[in-house]
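Here's the letter readout for the chains.
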Amino acid sequence: MRFFDKKILLALLIVSFSLLSAQSNGPGVPCGAPVEGSPPCSPTSPIDMYVYILSAVAILGIGFFATRYKTQKI
C-alpha cells in the first residue's frame, strides 16, 4: 500500500470507530415541551469553567502565531 492510501485508511478507521462508540441522548421529552410532574430540563452537556479557559488560551495562541509568522505583502 502506498503511504497516501494508509493515511486514508487510518482516517476512515478513526472516524468509523468514533461513530460506533458515540453515545446517544436516548428517547425522551424534548426540552421545549415540559410535561406535568417531570423535572425541568437540564442541558445534556454542562459548560464548566474549562471552556472559558480553553477559549482564552486559543485566542492567545492565535495572536502569538499571527505575530510570529507574518505574511509578506506583495
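Engineer: Mind showing me how you'd approach the overall build of the protein chain here?
Structural biologist: On a plain count of helices and strands, the protein chain comes out with two helices and zero strands. Out of the 74 residues belonging to the protein chain, those deemed buried represent 0%. Carbon and sulfur atoms make up 69% of the accessible area of the protein chain, which totals about 7,600 Å².

Engineer: I'm lost on the packing of aromatic side chains in this one. Help?
Structural biologist: Given two aromatic rings, their pairing is described by the distance between the two centres and the angle made by the two planes. Scanning the model with the defined rule gives one aromatic pair in all. Their ring planes at 75 degrees and their centres at 5.1 Å tell us that Phe64 and Phe65 sit as a pair that is edge-to-face. We classify Phe64 as partly exposed; its relative accessible area is 45%.

Engineer: Mind showing me how you'd approach helix H1 (residues 3-20) here?
Structural biologist: The terminal C-alpha atoms of H1, which comprises 18 residues, lie 26 Å apart, in line with the 26 Å expected from a rise of 1.5 Å per residue. Counting buried residues in H1 gives zero out of 18 residues, a small share hidden from the surface.

What counts, and at which threshold
- Residues numbered from 1 in each chain as written.
- Predicted model: local features only at pLDDT ≥ 70, side-chain atom pairs only at ≥ 80, totals over all residues.
- Heavy atoms only, no water.
- Helix = DSSP H or I, 4+ residues; strand = E, 2+ residues; numbered from the N terminus.
- Buried < 20%, exposed > 50% of the residue type's maximum accessible area, 1.4 Å probe, protein only.
- Areas by Shrake-Rupley, 256 points an atom, 1.4 Å probe, with all protein chains shown as cover.
- Phe/Tyr/Trp six-rings, centres within 6.5 Å; stacked < 30°, edge-to-face > 60°.
- Expected span 1.5 Å × (residues − 1).

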